[in-house]
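Secondary and tertiary structure notes
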Amino acid sequence: MNRQVYNQILELASEHAMRERTAAYLTEQLRPIVGQGEPVLLCFHQREDGDLCSLMEQAVLACGGRPVPLGEDHRWKTILRQAFTSRAVTVVGTPCVVLGLCKLKKAMSIPLYIRNVITAGYPCTDWMKDGIAQALDCRIFSTMGLFTSGVVAGFSCGHGIHLRTSEYEIQVLDPQGRPLPDGELGRWQLWPVGRPELSICPGEYGRMDRSPCPCGRPGPRLVDRRHWDAGDRQLADMAESLLSWTSILDFSLRRSRYGLELEMVVFPGEKLPKLPACARQVIRPWDPETDEPFPDVPVRKNIAEYPDYH
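Because the structure is a prediction, the values reported are computed rather than measured.

Things to note about the sheet that holds strand E10 (residues 204-209)
- A sheet is described by the order of its strands in space; here 11 strands give the open sequence E2-E1-E3-E4-E5-E6-E7-E11-E10-E9-E8, paired in mixed fashion. The outermost strands of the open sheet, each flanked by one partner alone, are strand E2 (66-69) and strand E8 (168-173). Here the strands of the sheet are splayed against their neighbours by 30° on average, with no regard to which way each runs.
- By the bridge criterion, three bridges tie strand E5 (residues 139-145) to strand E6 (residues 152-157) in an arrangement that is antiparallel. Residue pairing across strands places Met 144 opposite Gly 154, the latter belonging to E6.

Observations concerning unusual backbone geometry
- A positive phi angle, near 60°, is found at Phe 147, a position not held by glycine.
- Mapped onto the secondary structure, Phe 147 falls in the loop between E5 and E6.
- Among the residues examined, Phe 147 registers a relative accessible area of 34% and is labelled partly exposed.
- A positive phi is found at Asp 224, a non-glycine position, where the angle reads about 55°.
- Here Asp 224 is to be found in strand E11 (residues 221-227).
- For Asp 224, a relative accessible area of 31% corresponds to the partly exposed category.

A short note on the pairing of strand E1 (residues 39-43)
- In terms of burial, E1 is a largely internal element, five of the five residues being buried.
- Of the two faces of E1, both are covered, the one formed by Pro 39, Leu 41 and Cys 43 as well as the one formed by Val 40 and Leu 42.
- Where E1 lies against E2, four bridges are found, and the strand directions are parallel. For Leu 41, the partnering residue across the bridge sits in E2 and is Val 68.
- One crossover worth recording links E1 to the parallel E2 by way of helix H3 (residues 52-62), and it is right-handed.
- As paired elements, E1 and strand E3 (residues 90-93) share four bridges and run parallel to each other. Considered in E3, the bridge of Leu 41 is made with Val 91.

Let's talk about the environment of Lys 106
- If you trace the backbone, Lys 106 turns up in helix H5 (residues 95-108).
- As a C-alpha pair, Lys 106 and Leu 136 span 30 residues in sequence and 9.8 Å in three-dimensional space.

Let's talk about the pairing of strand E7 (residues 160-163)
- Pairing analysis gives four bridges linking E6 to E7, with the strands arranged antiparallel. Directly across from Phe 155, in E7, lies its bridge partner His 162.
- Between E6 and E7, which pair antiparallel in sequence order, lie two residues.
- Where E7 lies against E11, two bridges are found, and the strand directions are antiparallel. Bridged to Ile 161 within E11 is Leu 222.

So, the nonpolar core
- By size, the foremost hydrophobic cluster in this structure holds 43 residues, and its most contacted members are Leu 101, Ile 132, Leu 136, Leu 242, Phe 251, Leu 253 and Met 264.
- Sorting the residues of this core by element identifies E1, helix H4 (76-85), H5, helix H6 (126-136), helix H7 (233-243), strand E12 (248-256) and strand E13 (259-266) as the ones contributing at least two each.
- For this core, the element with the most residues is H5, which contributes six residues.
- Tyr 25, Val 34, Leu 42 and Val 92 belong to the second largest nonpolar core, which has 22 residues in total.

A few points about the packing of aromatic side chains
- One pass over the full model with this rule turns up four aromatic pairs.
- Where Phe 84 meets Tyr 113, the ring centres are 6.3 Å apart and the plane angle is 25°; that geometry is what we call stacked. Residue Phe 84 is located in helix H4, and its partner Tyr 113 is located in the loop between H5 and strand E4 (116-119); the two are separated by 29 residues in the primary sequence.
- Taking the relative accessible area as the measure of exposure, Phe 84 reaches 34% and is therefore partly exposed.
- Positioned above the aromatic ring of Tyr 113 is the side chain of Arg 87, whose terminal nitrogen or guanidinium carbon lies 4.0 Å from the ring centre.
- We note Arg 164 situated over the ring of Tyr 25; from NZ or CZ to the ring centre the distance is 4.9 Å.

Criteria and thresholds
- Residues numbered from 1 in each chain as written.
- Predicted model: local features only at pLDDT ≥ 70, side-chain atom pairs only at ≥ 80, totals over all residues.
- Heavy atoms only, no water.
- Pairing = 2+ DSSP bridges.
- Helix = DSSP H or I, 4+ residues; strand = E, 2+ residues; numbered from the N terminus.
- Axes fitted to C-alpha atoms, helices over the stretch in contact; angles between N-to-C directions.
- Buried < 20%, exposed > 50% of the residue type's maximum accessible area, 1.4 Å probe, protein only.
- Right-handed = clockwise from strand over helix to strand, strands pointing away.
- Core = buried A, V, L, I, M, F, W, Y, C linked by side-chain atoms within 4.5 Å.
- Phe/Tyr/Trp six-rings, centres within 6.5 Å; stacked < 30°, edge-to-face > 60°.
- Lys NZ or Arg CZ within 6 Å of the ring centre and 35° of its normal.

Right, dumping it as structure tokens:
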């Protein structure tokens, strides 16, 4: 991704007029979802003026809802506690955070009141949606843009992402960078309307669909959206596989000059998948009494100390 172009797009998105239009757009999308006085848990690990968290907060207030920011404490037990004590009806966060909340709910047998989930940051694939819907018995929506920045290019119904064509152009490309016909899978790129020199690819794939949407809303949709990290597809596949296991609450997977490095937080006593060969592999059982942010703090235990996990 071109960092200079990315920063220029963020600058455009952070301009006051654009921020107000984006907040109004999100308000329009949230009105059928957020009821008067309903708490909305915003599971973002940081909040800056003009980013998605702040815009969502503004939109929730405009809908008459009650935003519940995550705050400075990012421990898993804090997310679970806030979801429970606030009686959050809607949760907004990345698929990883929402899936983690689902796993915690099951592990701790804590009743939650969530009826709506809005994922953001990167695609929520079909298996993720199925897992979230099964765990929470909720409706699932998604935003689309550049991660959790203020660049919001679309919002989903249950049949794909309805594109915000008033502000952004979206095009689906083949591996050579040529536009693809509607319905064909390719990498999508976006740019602000009238600024094609600021086109950028976030590393995601999808198909353009211009057929009438079952929800009745007009305009093109991006369907079959998925993440595709062209820099290291193998690493992305391994990460998605680890994320799918209910026994794994959190993990960090990366390559270093020594090779593949994996750190995980797991639920004690649960079965783990066959793990990839790693130059460094650390597993820490999740302890709600000493829960710490992960992976920002050192993992204290080594896999050798937990023979049950081999």
